[in-house]
2 protein chains.
Amino acid sequence: MSCQESFFRELRERGLRLTPQRELVLSVLHEMEGLAGAEEIYRRVQALSTAVDISTVYRTLDLLQEFGVVAVVDGADGQRRYELTAGRTPHVHLVCSRCGAVISADQAPVRGLADTLRAAYGFELDLKRISLSGLCPACR
Amino acid sequence: MSCQESFFRELRERGLRLTPQRELVLSVLHEMEGLAGAEEIYRRVQALSTAVDISTVYRTLDLLQEFGVVAVVDGADGQRRYELTAGRTPHVHLVCSRCGAVISADQAPVRGLADTLRAAYGFELDLKRISLSGLCPACR
DNA sequence: ATGCCTGCAAACCGTTTGCATCCAC
DNA sequence: GTGGATGCAAACGGTTTGCAGGCAT
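Described in the following lines is the structure provided in the data block. What you see is a predicted model, and the numbers here were worked out from it, not measured in a lab.

Thresholds applied
- Residues numbered from 1 in each chain as written.
- Chains lettered and ligands numbered in written order.
- Predicted model: local features only at pLDDT ≥ 70, side-chain atom pairs only at ≥ 80, totals over all residues.
- Heavy atoms only, no water.
- Near = heavy atom within 4 Å.
- Polar contact = N/O pair within 3.5 Å; in protein donor to acceptor, adjacent residues only side chain to side chain.
- Helix = DSSP H or I, 4+ residues; strand = E, 2+ residues; numbered from the N terminus.
- Nonpolar A, V, L, I, M, F, W, Y, C, P; charged D, E, K, R; others polar.
- Least-squares fit on C-alpha atoms with pLDDT ≥ 70 in both.
- Contact = heavy atoms within 4.5 Å.
- Core = buried A, V, L, I, M, F, W, Y, C linked by side-chain atoms within 4.5 Å.
- Buried < 20%, exposed > 50% of the residue type's maximum accessible area, 1.4 Å probe, protein only.
- Buried area = accessible area lost by both parts, 1.4 Å probe.
- Salt bridge = Lys/Arg side-chain N within 4 Å of Asp/Glu carboxyl O.

Neighbouring DNA strand D are 22 residues; Y58 of chain A together with R17, R22, A51 and T56 of chain B lie closest to it. Considering DNA strand D, the proportion of its atoms within 4 Å of the protein that are sugar or phosphate atoms stands at 65%. Within the backbone of D53 of chain B, a nitrogen or oxygen atom sits 3.0 Å from a phosphate oxygen of DNA strand D. Between S55 of chain B and DNA strand D, the recorded distance is 3.5 Å, taken from a side-chain N or O atom to a base nitrogen. For the surface near DNA strand D, the secondary structure elements donating two or more residues are α4 (54-67) of chain A together with α2 (20-31) and α4 (54-67) of chain B. Counted by class, the surface near DNA strand D contains seven nonpolar, eight polar and seven charged residues.

What follows is the structure, given as structure tokens:
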């Protein structure tokens, strides 16, 4: 079942509607690799259809986050960035606090941490929303 | 050597000045436990002296961050939070994405992760700026 | 026909900035 | 006296919201 189809189904289950705008946002997310802010997603959507408002992009991204199909990362610059998770290799983001570069890292070592935190604090780590600040190899 | 003294010395080394406002912000940070946003720090400073502007608080917090005496956490709500690190047990923050509760967790398990990331990606994790999103025991 | 969605525009809010003045050195 | 620091107020930028109209169901 394609991603669009499961999206449609999830919408119907909640009594929500499949609109052209929502399809556009989802297809733009598909074409992207790596994280993108709402502004960039908006620009790419507009390239396909000019009559989409940025507030609709925000509302759709909220929806997709609720559905768990996008990962959300709150950048140190105050911008929120998004990335499709469905059908992709799970990974975490290493963000360089000096140059802003983003490295996609294997999720495995973080899963170990998640286990530890669950055992020690009863805290359920959200692997979809992890970004780690630090210095990339170039900036070290 | 007290924290105030080392702060003073660090300022002088850079040709900067020790002002009453900077002392106030630092003393408020001392009295706090846990994270606090600029707005709350501002309020506490005003309780001591009404004639301090919030822009000064922001400028001072930037300075303290540069000096490495405060830890900075970018919250999912878009607010930046601060906490004194000098003379305190190192820890990381577990932030509940539902209720906003913050748990202070031992840094040890994260240090293991830091070693792994350094070895695998050459990425130097900034332990002072780590906050992990997830669900607290109550919200699970 | 119903009520969910949209575009538009304005509000929001934490943070930053420009500038004249002030004061720590 | 000098140049960094402050207060004030305005700007900024990403995000949210209210509302009237539109369209998927």
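In this section: the relation of the copies chain A and chain B. Each copy of the sequence occupies a distinct position, and chain A is placed on chain B by a rotation of 180° and an axial shift of 0.0 Å, giving an RMSD of 0.1 Å. Here the two chains are linked by the operation of a two-fold rotation axis. Scanning chain A for the C-alpha nearest the rotation axis identifies G78 of chain A, at a separation of 2.9 Å. When you check the interface residues of chain A against chain B, 100% turn up at the interface there too, and the contact is symmetric in its surfaces.

Glancing now at the nonpolar core. Counting 26 residues, the largest nonpolar core has L117, L125 and L132 of chain A together with L94, L117, L125 and L132 of chain B as the members making the most contacts within it. Elements with a contribution of two residues or more to this core: β4 (91-96) and α5 (108-121) of chain A together with β4 (91-96), β5 (102-106) and α5 (108-121) of chain B. In this structure L94 of chain B touches L117, Y121 and F123 of chain A together with A101, V102, I103, A105 and L132 of chain B, once residues within four positions along its chain are discounted.

A few words on the interface of chain A and chain B. If you look at the interface, chain A gives 31 residues, while chain B gives 31 residues. Both sides together, the interface formed by chain A and chain B hides about 2700 Å², and carbon and sulfur atoms give 67% of it. Our enumeration of links across chain A and chain B arrives at zero salt bridges. When contributions to the side of chain A that touches chain B are tallied by element, the ones reaching two or more residues are β4, β5 (102-106), α5, β6 (124-125) and β7 (131-135) of chain A.

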